[in-house]
Amino acid sequence: MKKSILLASLLFLQCTKENNPIDRELHYFDTRGVIENTISKLSQEKPKVEKLWKYGRAEEKRMVEDMDWEKELKLFLDADINKSSFIGSYDSTRAGQMITYSLKSNENLPVKILSVSQDSTDLEIHAIRTSENYFFTTYGDLLLRIKDEKLDSYNIHTVQKLLWFDADTTVVSGKVLY
């Protein structure tokens, strides 16, 4: 009985340790850390956003004053490739201020490419995600720009194709106004 309690405790501690961002090992660019920091700043500053939605041929543009930043930038959080099971799954290449992580051909993970361009105050994160099964295929092209250490703009372009249906294309763009 004592052994099972000890084993359960160790498993619980291991699970909580894995989810603690302070204890994460970084093998690639810290996308999650940057996005979480950006969400925290935006939630405090509450800037307005000039937002554009496109769905198929329909388009809507308006000013948004009360943004749920965690929800808005969730796909960028999901583009984090520093998960323990992803270690060794990406090749990296550097060209000037840009580093690109490309999924190895023998791997099958949702983030196919993650590119990061960075200088002293500006940062650009570009990710391409795909996933597919027998019933659907999804494609996502994500771009986030930080200028002078503040979120400047973001663009999320997705295509979803369901079996027997036409593809649905959605674009969400935001320009942050301070």
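What you see is a predicted model, and the numbers here were worked out from it, not measured in a lab.

A.B. asks: How do you make sense of the overall build of the protein chain when you look at a structure like this?
C.D. replies: Scanning the protein chain from N- to C-terminus turns up 4 helices and 9 strands. Seen in sequence order, the protein chain has helices and strands lined up from the N terminus as α-α-β-β-α-α-β-β-β-β-β-β-β. Going through the 178 residues of the protein chain one by one, you find that 30% of them count as buried. Pairs at least 24 apart in sequence give 43% of the contacts found in the protein chain among residues at least 6 apart. Taken as a whole, the protein chain presents about 11,800 Å² of accessible surface, with 54% of it coming from carbon and sulfur.

A.B. asks: Help me out: how do you make sense of the pairing of strand β3 (residues 90-95) in this one?
C.D. replies: The side chains of a regular strand alternate between the sheet's two faces. Sheet topology note: the β3/strand β4 (residues 98-103) ladder contains 6 bridges and is antiparallel. When the bridges of β4 are listed, R94 appears paired with I99. Between β3 and β4, which pair antiparallel and follow one another directly, the connecting turn spans 2 residues, one of which, G96, has a positive phi of 65°.

A.B. asks: Just checking my understanding: could you explain the packing of aromatic side chains for this structure?
C.D. replies: The relation between two aromatic rings is expressed through the spacing of the ring centres and the mutual angle of the planes. Enumeration over the complete set of coordinates arrives at 3 aromatic pairs. With a centroid separation of 5.6 Å and 75° between ring planes, the pair formed by Y28 and Y90 is classed as edge-to-face. Remark: Y90 occurs in strand β3 and Y28 occurs in the loop between α1 (2-19) and α2 (31-45); sequence separation between them is 62 residues. Overall, Y28 belongs to the buried group, its relative accessible area being 11%. Judged by relative accessible area, which is 6%, Y90 ranks as buried. For the ring pair W69 and Y154, a centre distance of 6.3 Å and an interplane angle of 80° mean the geometry is edge-to-face. Taken together, the residues W69 in helix α3 (residues 69-72) and Y154 in strand β8 (residues 150-162) connect sequence positions 85 residues apart. Both residues of the pair, W69 and Y154, count as buried. Three or more aromatic residues joined by ring pairs form one cluster here, namely Y28, Y90 and Y101. Lying over the aromatic face of Y178, K150 brings its terminal NZ or CZ to 4.6 Å of the ring centre.

A.B. asks: Sorry if this is basic, but what is going on with the environment of S173 here?
C.D. replies: Among the structural elements, S173 can be located in strand β9 (residues 168-177). C-alpha of S173 to C-alpha of L52: the two residues are 121 residues apart in sequence and 5.1 Å apart in space. Apart from the residues within four sequence positions on either side, S173 is in contact with E50, K51, L52, Y154 and N155. Here N155 takes part through its side chain, which lies 2.5 Å from a polar atom of the side chain of S173.

A.B. asks: I tried to follow the pairing of β4 on my own but got confused; where do I start?
C.D. replies: By the bridge criterion, 5 bridges tie β4 to strand β5 (residues 111-118) in an arrangement that is antiparallel. Looking across to β5, one finds that M98 is bridged to S117.

A.B. asks: Which parts of the structure should I look at to understand the side chain of K51?
C.D. replies: If you trace the backbone, K51 turns up in strand β1 (residues 48-55). With a relative accessible area of 7%, K51 lands in the buried category. For K51, the side chain forms a polar contact with the side chain of E72, separated by 2.8 Å. Apart from the residues lying within four places of it in its own chain, the contact partners of K51 are E60, K61, R62, V64, M67, E72, Y154, V172, S173 and G174.

A.B. asks: What's the story with the sheet that holds β1 in this structure? I'm lost.
C.D. replies: The pairing of strands in a sheet happens through backbone hydrogen bonds and is either parallel or antiparallel. Taken in spatial order, the 9 strands make up an open sheet running β2-β1-β9-β8-β7-β6-β5-β4-β3, and their pairing is antiparallel. Strands with a single pairing partner mark the edges of an open sheet, and in this sheet they are β2 (58-64) and β3. Averaged over all pairs of adjacent strands, the angle between their axes in this sheet comes to 10°, without regard to strand direction.

The rules behind the values
- Residues numbered from 1 in each chain as written.
- Predicted model: local features only at pLDDT ≥ 70, side-chain atom pairs only at ≥ 80, totals over all residues.
- Heavy atoms only, no water.
- Helix = DSSP H or I, 4+ residues; strand = E, 2+ residues; numbered from the N terminus.
- Buried < 20%, exposed > 50% of the residue type's maximum accessible area, 1.4 Å probe, protein only.
- Contact = heavy atoms within 4.5 Å.
- Areas by Shrake-Rupley, 256 points an atom, 1.4 Å probe, with all protein chains shown as cover.
- Pairing = 2+ DSSP bridges.
- Phe/Tyr/Trp six-rings, centres within 6.5 Å; stacked < 30°, edge-to-face > 60°.
- Lys NZ or Arg CZ within 6 Å of the ring centre and 35° of its normal.
- Polar contact = N/O pair within 3.5 Å; in protein donor to acceptor, adjacent residues only side chain to side chain.
- Axes fitted to C-alpha atoms, helices over the stretch in contact; angles between N-to-C directions.

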